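So you can see what is in the structure, the chains are spelled out below.
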Amino acid sequence: MMKLIFLGPPGAGKGTQAAIVSKKLGIPTISTGDMLRAAVKEGTEVGKQAKSFMDAGKLVPDSVIIGIVAERVAKEDCAKGYILDGVPRTIAQAQALEDAGILFDHVISIETADEVVTQRLSGRRVCPQCGAPYHVTNNPPKAEGICDACGHELIQRKDDSADTIASRLEVYHAETEPLKEFYQKRDLLRLVADEGSIEDINGRIMAILEM
Ligand code: AMP
């Protein structure tokens, strides 16, 4: 059983690293961002509640998030563990997980500077079908504009526009960064330098997991 949280600002590479670690450990990644985007696309009740917050780069209310995560981690494919990507994002969410008896082995915080975030997000492309993340120069797909994993056409996320990026960074520093102290107190926080290639960073993460 290995339960992990990937923390870090938008564009830190949480999704990229989570995909690699998921494959290596054979556990699923749970991305609330992906789940919410799917809900918006399907026009579900959750999607309707979430859309305006997401478009503005604001956080979706904790009550919505806590519900969808609790439901997801109870599924059978989570029995061997899982990676949370992009959740918890507030102290209230972290506290709700803890109160529900959901405890973690490591909280991996990818330490990325604000300037890097801005550069990364503007070049980010994602697969709307399977969620696989790419970057036009740092991590391009084999065929331009096409997902390596499933062959679907890649898109640019609506909230990866310049004005929304600024607002998401502000929200990260105000609401999410305090989680580092929350998990530090529980001796779970592991800082990972965002330096070198995707493989270099993954090497640092795997070293932590093998401790
Ligand atoms: P992400 O794909 O993780 O960058 O999430 C995209 C957007 O979905 C965020 O900007 C929020 O509006 C919303 N979102 C995703 N996860 C959460 C969460 N744990 N708490 C609140 N809002 C979230």
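Residues numbered from 1 in each chain as written. Predicted model: local features only at pLDDT ≥ 70, side-chain atom pairs only at ≥ 80, totals over all residues. Heavy atoms only, no water.

Chemist: How should I be thinking about the pattern of salt bridges in this particular structure?
Modeler: Applying the stated criterion to the full structure yields 13 salt bridges. Note that D159 is salt-bridged to R168, the shortest N-O span being 3.8 Å. Each member of the pair D159 and R168 is classed as buried. Two residues, K185 and E181, come together in a salt bridge whose shortest N-O distance is 3.5 Å. In this pair, K185 and E181 both sit in helix α8 (residues 179-185), four residues apart, roughly one turn of the helix. The two residues K185 and E181 agree in class, both being exposed. (Salt bridge = Lys/Arg side-chain N within 4 Å of Asp/Glu carboxyl O. Buried < 20%, exposed > 50% of the residue type's maximum accessible area, 1.4 Å probe, protein only. Helix = DSSP H or I, 4+ residues; strand = E, 2+ residues; numbered from the N terminus.)

Chemist: Sorry if this is basic, but what is going on with the side chain of K3 here?
Modeler: Here K3 is to be found in strand β1 (residues 2-7). Put simply, K3 is tucked away with no salt bridge, and the nearest opposite charge, on D105, sits 6.4 Å away. Excluding residues within four positions of it along the chain, K3 makes contact with G81, Y82, L103, F104, D105 and H106. (Lys, Arg positive; Asp, Glu negative; His and termini not counted. Contact = heavy atoms within 4.5 Å.)

Chemist: I keep staring at the packing of helix α4 (residues 62-73) against helix α5 (residues 91-99) and nothing clicks. Help me out?
Modeler: When two helices pack together, you describe them by how their axes are tilted relative to each other and by the distance separating the axes. Their axes nearest at 10 Å, the elements α4 and α5 cross at an angle of 35 degrees. Judged by the twist between their axes, the crossing of α4 over α5 is right-handed. Where α4 abuts α5, its residues D62, I65, I66 and V69 lie against A92, Q93, A96 and L97. Of the residues belonging to the contact of α4 with α5, the class tally is six nonpolar, one polar and one charged. (Axes fitted to C-alpha atoms, helices over the stretch in contact; angles between N-to-C directions. Left-handed = near helix turned anticlockwise from the far one by under 90°. Nonpolar A, V, L, I, M, F, W, Y, C, P; charged D, E, K, R; others polar.)

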